[in-house]
Amino acid sequence: MDNRFGTNYEIKVANNFGSIAGRYLGLRRTRVLKAAAVAADSNLSDLIANAEDRGAITAEQANELLAVDLIAVGRSRDNGYDAYVAAEASITLGDQDIVRAAERAEYLAKATGQAALGAAIGESVGSEQVELARQRNVTVMLLPAA
């Protein structure tokens, strides 16, 4: 696949994430903190560095958070608390997208001390990946590329 197409898809995901997070995760007032289309929030970089400094996450986990496709925060409609989201975006979701989303959400929760949700966003997903996502507690979100 053409890398530009993948990057364009990540930009589309970032631009539509508020709507996607509302529909799939029950979040409102969602802010994208890091994505292809958004300059990384300097507070997020500080949060990750501070978490590493205090030993909440390892240097490797901090690097994984810096590599995630999208990080956002929103207010849960269910309980009114903020929840972070670590999301991986790919046109066709594979096992690695699901696993990375789960692991990176875990690191994000450790770094923030708050709830963090794993999400995988794509245009298509196989039934095996849906089952893996269920097992790993990752929400699969479908967004057409076109």
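Residues numbered from 1 in each chain as written. Predicted model: local features only at pLDDT ≥ 70, side-chain atom pairs only at ≥ 80, totals over all residues. Heavy atoms only, no water.

(A) The sheet that holds strand β3 (residues 82-89), seen in detail. Read from one edge to the other, the open sheet built from five strands follows the order β1-β2-β3-β5-β7, with strand pairing classed as mixed. Two strands lie at the open edges of the sheet, namely β1 (27-34) and β7 (138-142), each paired on one side alone. Mean inter-strand twist for the sheet, computed between neighbouring axes without regard to direction, equals 30 degrees. Judged from the six bridges that link them, β3 and strand β5 (residues 116-122) form a sheet pairing that is parallel. Following the sheet pairing, V85 is matched in β5 by L117. (Pairing = 2+ DSSP bridges. Helix = DSSP H or I, 4+ residues; strand = E, 2+ residues; numbered from the N terminus. Axes fitted to C-alpha atoms, helices over the stretch in contact; angles between N-to-C directions.)

(B) Layout of unusual backbone geometry. Look at R29: it is not a glycine, yet its phi comes out positive at around 50 degrees. Checked against the element boundaries, R29 lands in strand β1. What makes R29 exposed here is its relative accessible area of 62%. One non-glycine residue, N137, adopts positive backbone phi at about 60 degrees. (Buried < 20%, exposed > 50% of the residue type's maximum accessible area, 1.4 Å probe, protein only.)

(C) View of the side chain of Q129. Structurally, Q129 is set in helix α6 (residues 127-136). Given the relative accessible area of 13%, Q129 is considered buried. Sequence-distant contacts of Q129, defined by excluding residues within four places in its chain, comprise L93, G94, D95 and I98. (Contact = heavy atoms within 4.5 Å.)

(D) Region of interest: the pattern of salt bridges. Considering all chains together, one arrives at seven salt bridges under this definition. Here E88 and R104 are joined by a salt bridge, their closest N and O atoms 2.7 Å apart. Remark: R104 occurs in helix α5 (residues 95-112) and E88 occurs in strand β3; sequence separation between them is 16 residues. The burial state of E88 is the same as that of R104; both residues are buried. Across the salt bridge formed by E106 and K110, the nearest N and O atoms sit 3.7 Å from each other. Residue E106 and its partner K110 are both found in helix α5; the two are separated by four residues, about one turn of the helix. For K110, a relative accessible area of 37% corresponds to the partly exposed category. One network of salt bridges, with partners in common, ties together E64, E88, D97, R100 and R104. (Salt bridge = Lys/Arg side-chain N within 4 Å of Asp/Glu carboxyl O.)

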